[in-house]
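Examining the three-dimensional arrangement
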Amino acid sequence: MTAAVPERPLPAPDEPDTAPFWAATRSHKLTYQVCLDCGDVVFYPRRHCTGCLSGSLDWRASAGLGTVYTFTVIRQHGHPYFRSRLPYVVGWIDLAEGFRMLAEIAVPPADAAVGLPVQLSWEDHAEVSIPVFRPA
Amino acid sequence: MPGAAIAGIHEFDKRVAGGLSKLQIKAECARLALADAGLTWADVDAVYDAGESGFGSGLTIAEYFGVNPRVVDTTSVGGSSYEFHAAHAARDIAAGACRVALLTYGSTAHSESRAIGTGARRPPAEPQPAANMDLPYGMTLIGSYATVAQRHMAQYGTTAAQLAEIAVTTRAHAVRNPAAVAGLADIGIKRTGEITVDDVLGSRLIADPLHLLDCCIVSDGGGAVVIVSADVASDIRKPPVWILGSGEAVGYPGFGSDITTTAAVSSGPEAFGQAGIGPDEIDIAMIYDSFTITVLAILEDLGFAKKGEGGPYVAGGRLRFDQPGGPALNTDGGGLSSNHPGMRGIFLLIEAVRQLRGESTSQVPGARLAVAHGNGGQLGSRHAAGTVILGRE
Ligand SMILES: [Zn+2]
């Protein structure tokens, strides 16, 4: 009997607000929204603008360049997949287009730093690809 | 005097519930808090509940206790729920909607072996959009707070040793609290004596830069608070503790927002403004201590120290109950060393009342004013802030 290799938990592909975001990841596009009326950037995805009352939002693709706003090194986790990956770095990335997202940062813990320039890469799965950032 | 006072309190005395249910813990605490006030079930005309016992708790609780409330408030904002409840009860009483408000909490987190801090975040049946974005990355609750500490260090030069001072202070207070000491032993913590900064720094990292001893314990527990109108307060067993002001706020991530600044920056000034006092007048600071960084950031946001200067502020044992130069912090031992069943906001109110009655195991002589600040959700992510200012006559 071989133990199953634990797999990364994946997002629900059909959650109504975030489904387009995850669908776009299949073609390696990191998308965010811009309000067509006031120009605000909206992230995470929604059906309404949080800056004005508009319901008209445009999807844009990010160039995937940003900096580490802050991070942590996870050294204890209850989930088998994440336990198999310990220690790993996760943090908030400020993207050049003006949004902040949580993501894994593929960097040795000792090299992780606030302000580290990073660029987007992808980890492919059957239904979605997961954005992961690497040092730029 | 102002319109609403805390008349009765009770804290469940054990940290391992021994097979009791959450409802049983809530009811035990409720009847003993009512007895503390010299009131009974029939006097209760308002219930406040955070829903930890299950769906539809506003219905469940009234029937289970056997009360007939005219006000039912099921505000649920994590560990800060009880500060929100106290604020709402004071407003409801001032509006004449009720006279005797009952707040209760019960948890069996330890008995259920719930890995609150590092557990796998299981996707809910109907995922929320925010959670659906974060889910693949295995961010833990502790990790979320750790991102605040990391940024605080990078931005202001705060050190791990300064954060550790907070854990050292709360443990010193816990050691004086027999229920806390017994509880630490009951949940399997071997060293129940005082700890040093080096002990904290020498404990293993859970999520950098937070060590094991920067984190709260996981216990069972519960409590109850009875809040009454001025006319009821004139005829109770213990000295009333008045609610002088309150503030509520929420915070969430966003581009350009400062992760080291919590929603306390909004709730604090509102509460202090209503009370007509400033942080320098506070004798007792009951600050939600899920982690050391929680206290540091909130002390700054409430105005005890300037933003970024919390590190030097907490150094040197300033927040010990017997030290001058600042308020006494979490004199029951806090979530770091007394009890943390998941949502410990009710204990902040309870210990503040003990201090203002002169009943604490780390009593500050003549304590007159206290702040209870609850933090719910996760700092560094979505979180709620409830500030309540309390005073004795
Ligand atoms: Zn807009």
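Residues numbered from 1 in each chain as written. Chains lettered and ligands numbered in written order. Predicted model: local features only at pLDDT ≥ 70, side-chain atom pairs only at ≥ 80, totals over all residues. Heavy atoms only, no water.

1. Considering the overall build of chain B
Heads up, the condition is: Strands are runs of DSSP state E lasting at least 2 residues, helices are runs of H or I lasting at least 4, and numbering of each runs from the N terminus. This radius of gyration counts C-alpha atoms alone. The globule rule is 2.2 Å times how many residues there are, raised to the power 0.38. We call a residue buried when its accessible area falls under 20% of the maximum for its residue type, exposed when it is over 50%, and partly exposed in between, using a 1.4 Å probe and counting protein chains only. Any two residues whose heavy atoms approach within 4.5 Å at even a single point are treated as in contact. Computed with the Shrake-Rupley method and a 1.4 Å probe, the accessible areas treat only the protein chains shown as cover for residues. Lys and Arg are tallied as positive, Asp and Glu as negative. Neither His nor the chain termini are counted. For charged residues, the charge sits on one atom: NZ in Lys, CZ in Arg, CG in Asp, CD in Glu.
Counting secondary structure elements, chain B contains 14 helices and twelve strands. In terms of overall dimensions, chain B is globule-like: its C-alpha atoms have a radius of gyration of 19 Å, near the 21 Å expected for 393 residues. Summarising its shape, the C-alpha atoms of chain B cover approximately 55 × 50 × 45 Å along the three principal directions. Burial status across chain B gives 62% buried among its 393 residues. Counted over contacts in chain B with a minimum sequence separation of 6, partners at least 24 positions apart contribute 77%. Accessible surface for chain B amounts to roughly 13400 Å². Of this, 52% is attributable to carbon and sulfur atoms. Positive and negative side-chain charges in chain B, numbering 29 and 40 respectively, have mean positions lying 3 Å apart.

2. What about the overall build of chain A?
Helix and strand counts for chain A stand at two helices and eight strands. Along the chain direction, N to C, the helices and strands of chain A fall in the order α-β-β-β-β-α-β-β-β-β. The principal-axis extents of the C-alpha atoms in chain A amount to approximately 55 × 35 × 25 Å. Across chain A, the fraction of contacts at a sequence separation of at least 24, relative to all contacts at a separation of at least 6, is 53%. Of the accessible surface of chain A, which amounts to about 6400 Å², a share of 52% is contributed by carbon and sulfur atoms. If you average the places of the 11 positive and of the 14 negative side-chain charges in chain A, the two averages end up 4 Å apart.

3. Structural notes on the sheet that holds strand S7 (residues 221–229) of chain B
Residues and elements named next belong to chain B. Rule in force here: Pairs of strands are assigned from DSSP output, requiring at least two bridges between the strands. Fitted lines through C-alpha atoms serve as axes, helices being fitted only where they are in contact, and the angles separating the N-to-C directions of these axes extend from 0 to 180 degrees.
In spatial order, the strands read S3-S2-S4-S7-S1-S8-S12-S11-S9-S10; together these ten strands make up an open sheet with mixed pairing. Here the strands that pair on one side only, and so sit at the sheet edges, are strand S3 (71–73) and strand S10 (328–329). With four bridges connecting them, strand S9 (residues 284–287) and strand S11 (residues 369–377) associate as parallel partners. By the bridge assignment for S11, methionine 286 is matched with alanine 372. Lying on the sheet, helix H14 (residues 345–357) is in contact with strand S1 (4–11), strand S4 (100–107), S7, strand S8 (241–251), S9, S11 and strand S12 (383–392); it crosses S1 at an angle near 105°.

4. A word on the interface of chain A and chain B
Where we set the bar: Summed over both partners, the accessible surface that disappears when two parts come together, traced with a 1.4 Å probe, is what is meant by buried area. Any carboxyl oxygen of Asp or Glu within 4 Å of a side-chain nitrogen of Lys or Arg constitutes a salt bridge here. Under the rule applied, a polar contact is a pair of N or O atoms within 3.5 Å (in protein, one hydrogen donor and one hydrogen acceptor; residues adjacent in sequence only if both atoms are side-chain atoms).
Contact with chain A, which involves 40 residues of that partner, is made by 36 residues of chain B. Taking both sides of the interface into account, the surface hidden between chain A and chain B amounts to around 3200 Å²; carbon and sulfur atoms contribute 63%. It is Tyr69, Gln76 and Trp92 of chain A in chain A that bury the most area against chain B; as a group they hold 20% of the surface buried on that side. With its nearest N and O atoms 2.5 Å apart, the salt bridge here joins arginine 75 of chain A to aspartate 208 of chain B. Where chain A packs against chain B, one counts 20 residue pairs in polar contact (both at pLDDT 80 or more). Of all the elements in the fold, those that place two or more residues in the side of chain A that touches chain B are helix H1 (19–25), strand S4 (65–74), strand S5 (88–95), strand S6 (99–105) and strand S8 (129–135) of chain A.

5. Let's talk about the domain arrangement of chain A
All names here are of chain A. Let me state the cut-off plainly: Bear in mind that the domain bounds are from an automatic or database domain assignment.
Partitioning chain A into structural domains gives domain 1 (15–61) and domain 2 (63–136). The straight-line distance from the C-alpha centre of domain 1 to that of domain 2 is 21 Å. Listed per partner, the contact involves eleven residues of domain 1 and 16 residues of domain 2. The junction of domain 1 with domain 2 conceals about 1100 Å² of combined surface from both sides, 74% of it contributed by carbon and sulfur atoms. Looking at the side of domain 1 facing domain 2, the largest losses of area belong to His28, Leu30 and Phe43, adding up to 48% of the total buried there. Run the count over domain 1 and domain 2 and you get zero salt bridges. Run the count over domain 1 and domain 2 and you get three residue pairs in polar contact (both at pLDDT 80 or more). In terms of residue count, H1 provides more of the side of domain 1 that touches domain 2 than any other element does, three residues in total.

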